[in-house]
Amino acid sequence: MLIAHQPVLVELAKDDPRRRGAALAALLPGCPGPVSVDLALSAADAAQLAYGLVLRAYRPLGKYRAPADDDPLPWPDRVLVLTDAPEAAQGLFDRLLPVAAGVHLARDLVAEPGNHLGPAELAAQAQALERLGVSVELLDPTVHGLNLLAAVGQGSTRAPLLAVLRWQGSVAEEKPLVLVGKGLTFDSGGLSIKPAEHMEEMKGDMGGAAAVLGAMRAIAGRKAKANVVGVLAIAENMPGGGALRPGDVIRSYKGLTVEVVDTDAEGRLVLADALAWACDHLRPALLVDAATLTGAVVRVLGRHHAGLYANRDTLAARLLKLGVAEAEPLWRLPLSARCDDDFRSDVADWKNCGWGPVPDNDDAARFLQHFVDTKVPWAHLDIAGTSEADEDQLYGPKGATGFAVRLFDALAGG
Amino acid sequence: MKISFAKPHLPTEGAVIVGVLDNKVFTPTATALDDLAGGGLKRAVDASKFTGKKDQTLTVLAPAGCKVNRVVLVGLGKADAIDALAAQSFGGTGLAQVLTSGDASVAIAVDAVPGLKISEADFAANVAFGARLRSYRFDKYFTKEKKEDKPSVKKLAILTAAPTAKNAFAPLDAIADGVFLTRDVVSEPANVIYPESLAAECKKLADLGVEVEILGEKQMKKLGMGSLLGVGQGSDRESQLVIMRWTGAKDKNAAPIAFIGKGVCFDTGGISIKPAAGMEDMKWDMGGAGAVIGAMMALAGRKAPANVVGVVGLVENMPSGNAQRPGDVVTSMSGQTIEVINTDAEGRLVLADALWYTKETYKPKAMVDLATLTGAIIISLGGEYAGLFANNDKLAERLTQAGKAVGEPLWRLPMGDAYDKQLKSDIADMKNVGGREGGSITAAQFLKRFVGDVAWAHLDIAGTAWSKKDTATCAKGATAFGVRLLDQLVADHYQD
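Thresholds applied
- Residues numbered from 1 in each chain as written.
- Chains lettered and ligands numbered in written order.
- Predicted model: local features only at pLDDT ≥ 70, side-chain atom pairs only at ≥ 80, totals over all residues.
- Helix = DSSP H or I, 4+ residues; strand = E, 2+ residues; numbered from the N terminus.
- Rg over C-alpha atoms; globule rule 2.2 N^0.38 Å.
- Buried ≥ 20, exposed ≤ 12 C-beta atoms within 10 Å, placed from the backbone.
- Axes fitted to C-alpha atoms, helices over the stretch in contact; angles between N-to-C directions.
- Parallel < 35°, antiparallel > 145°, perpendicular 65-115°, else oblique.
- Left-handed = near helix turned anticlockwise from the far one by under 90°.
- Contact = placed C-beta atoms within 7 Å.
- Nonpolar A, V, L, I, M, F, W, Y, C, P; charged D, E, K, R; others polar.
- Core = buried A, V, L, I, M, F, W, Y, C linked by C-beta atoms within 7 Å.

Participant: Sorry if this is basic, but what is going on with the overall build of chain B here?
Facilitator: Check the secondary structure of chain B and you find 15 helices and 20 strands. In summary, chain B has a C-alpha radius of gyration of 24 Å against a globular reference of 23 Å for 496 residues, a match within 12%. Over its C-alpha atoms, taken along the principal directions, chain B stretches across nearly 80 × 50 × 40 Å. Counting all 496 residues of chain B, 56% fall into the buried class.

Shown next, in the form of structure tokens:
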């Protein structure tokens, strides 16, 4: 089909420019460069088309494999998007490319296996953003009262930590958007160990932290005029002689005690400490967390919507709208006081989960709510079903999606 | 238990239930009793944790100076927050305290309170309604129950100054009849309520003016209902389709609203058999049909000026030499073929034919189906909300508002092509399951294929049809979720 030195015409369905760029990307592997895109595009549309193209032109992790016959064909070396206002288009694109970079970074991190990306390596990825002007602080949970985070990570030989990434793009007095991510670089379940089949997928249990890290990469990369803080609760959940035991009671950062009945309900523990710490230290204008939190949310919403919980209808509405605009769809689920009955404890303030046929997705969200200051507008995204895809998507191939990076970037604005 | 209405006065026997507003503000009857008791009630309150917070209770036995055996104080919360539901809660919570007390005579003083937003008549009527709902007990199989465990209350008097309270209660009483019927048939074990015997219960609604038609297997086979019949073929008990029509609107020919119910009288799972533990719960897998039957009784009982059709598909899902096998392909009445991957996803197979039949025969304005359909809904919304799926936003919103009004709340879940794709079959038009992910949603997508263009909503009540705990208006057990919701929907939007 491809004849050297002859232009080949390609049909692209009518659609918005970003989606057309993505559709184009799917056609490009194996095309010798340069490829010219001549669609009589305005500067804005040209930039969006290029953005869509870059988003979709992501190649999953190949560094651990020798080249194989079934590898995808290479990209053309150059794609030229024609427009009457190339300088304007470039200017717009310069602010979109860092967002694509953030999405690709998040995808890379989720796909990295657990031996290569442990807590220290994820922290190093956070520190790498210092070159973009992000200030990064790494906190030892045992020294800062983050006892739930410490407990989750105590079974591993690789220590847990809280990473705090600060981007100040606006005046210091302006209260920041705070993004919190669950960063379990590997979740075996701990002593409440998971079944063997598909456990390798749990290298992706830091999808929430990856979304936050990718968002910070985007926000700093495009020099957003906004104050944003990213908080990553990072740990590895392993069984062992020193691991957390079912029944252990831990005093959280906030002071509430938790009886850990299931060491595999650990994401809500690390988030409980991170959210409470953020409320105390960061004066959030808005607090949003992302986490690959429950299997239950996948049972409810499948892989086509992430679960959204929020303590303010206005925040929920805003996120739902952004989700549609960024093709990262959310669906709101109830935050309900009645869930408390599922995880009441006889020996501590709360258990970390209920057993039996309980709505664990709702229970987990309600659990988290106990650790969030009621005065802070807060939303929780359960992205367990959307962090990875089992077929090619609109803006990426099958595999890690980088879900929520673009949503968070849009939420930050500036 | 006989319910009557009387003017406010101080009872001289049995039990009296009185309201106390937030911050220990006594209502007039409570104050009058307290005066008789020389301040004894107020002292009891101060010595306790009771503050008048909504649904708190404090029982004072034989207070000095009062002739009654007991005074039950029930918290009303804030006066301006008292709505119909709060009134029901007051009645039910109060009655629960005295139901097995030994007293045969109970009075509830429904005093006017300043700031009340509903009418006094509605307040009193709903208190009576709540008490009646809470009085329900499924005890027919106890042969050795001790006297002290049995309900003792024979007469309940609602004391109110509103002369129209009794009239306001009449339609609510009819709704309660429907609720009780549903609770009865859902609580009955499957050796007593099976397709033919449940159809016979439906037939009794003819006494209220409901036209009842029963289709047997021969007739259903002629109509091509291969999907429904496949589910019941393994049982010795004949499957039934029951159609109940209430034509109460002025225009007898106006298009009706239709309610369709899943009536799996017992669900073993079939060849894809369920585990033993907890299988006894599956006697209530006809909770959706039960709700539709109860709703028809309620609507006919209060002579709703509406045209309503209730259709219930009744089957028993059993394993046997004749049962359908995983992999069987059946042809539904609509002509669409279904590959039955899992014989335990049978409710949707029953509904597929029931929905199509209803749509074709009655051309309804809208269809609402109720079903204890998926275990997945229990682990997504628990027992608090039923799952709502719809192809029409207006209908969805109407149902959501009706649910809020009657305390049978719904939570809408998404639908879409991406979920629909999960039903793809290699050999038939669709599979009957779409994998573990989004299980309740793919079940709804399945049903959607059998409703055509009609405005339709599906309520997955698997988490709400049965309760493990008492609530203010419902003893643990069958809740009859859906009866009051459907009645309210008709009252709000589908009657003259």
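Let us keep going from here.
Participant: What should I look at first to understand the overall build of chain A in this one?
Facilitator: Counting its secondary structure elements, chain A contains 11 helices and 15 strands. Its C-alpha radius of gyration of 22 Å places chain A within 12% of the 22 Å reference for a compact globule of 414 residues. Across its three principal axes, chain A shows a C-alpha extent of roughly 75 × 50 × 40 Å. Here chain A holds 414 residues, and the buried ones make up 53% of them.

Participant: What am I meant to see in the packing of helix α4 (residues 120-134) of chain B against helix α5 (residues 165-187) of chain B here?
Facilitator: Residue and element names in this part refer to chain B. Contact pair α4 / α5: the axes reach a minimum separation of 8 Å and the direction vectors enclose 25 degrees. Taken together, α4 and α5 sit at an angle that is classed as roughly parallel. Here the hand of the crossing between α4 and α5 comes out right-handed. On α5, the residues that touch Ala-121, Asp-122, Ala-124, Ala-125, Asn-126, Ala-128, Phe-129, Arg-132 and Leu-133 of α4 are Ala-165, Ala-168, Phe-169, Leu-172, Ala-176 and Val-179. Broken down by class, the residue content of the contact of α4 with α5 amounts to 12 nonpolar, 1 polar and 2 charged.

Participant: Can you walk me through the environment of Val-45 of chain B in this structure?
Facilitator: Residue and element names in this part refer to chain B. Mapped onto the elements, Val-45 comes out in helix α2 (residues 40-46). Its 20 C-beta neighbours within 10 Å are what place Val-45 among the buried residues. Residues Val-45 and Thr-59, spaced 14 residues apart in sequence, show a C-alpha to C-alpha distance of 9.6 Å.

Participant: Looking at this structure, I do not really get the interface of chain B and chain A. What am I missing?
Facilitator: Interface size is commonly expressed as the accessible area that is lost once the parts come together. Every contact between the two is made by 19 residues of chain B and, on the other side, 20 residues of chain A. In terms of residue count, helix α11 (residues 375-381) of chain B provides more of the side of chain B that touches chain A than any other element does, 5 residues in total. Class assignment for the residues of the side of chain B that touches chain A results in 10 nonpolar, 6 polar and 3 charged.

Participant: Explain the environment of Ala-300 of chain B to me, please; I cannot follow it from the model alone.
Facilitator: Residues and elements named next belong to chain B. Tracing the sequence through the fold places Ala-300 in helix α9 (residues 287-301). It is 8.3 Å that separates the C-alpha atoms of Ala-300 and Leu-205, two residues lying 95 residues apart in sequence. Setting aside residues no more than four positions away along its own chain, Ala-300 makes contact with Leu-205, Leu-208, Gly-209, Val-210 and Trp-246.

Participant: Mind showing me how you'd approach the nonpolar core here?
Facilitator: Across soluble globular proteins, you tend to see nonpolar side chains buried next to one another. If you look at the biggest cluster of nonpolar residues, it comprises 299 residues, and the most contacted ones within it are Val-212, Met-216 and Leu-275 of chain A together with Ala-124, Ile-158 and Met-296 of chain B. In terms of residue count, α5 of chain B provides more of this core than any other element does, 12 residues in total. The residues touching Val-212 of chain A, leaving out its near neighbours within four places in the chain, are Leu-179, Val-180, Gly-181, Gly-230, Leu-232, Ala-290 and Phe-408 of chain A.

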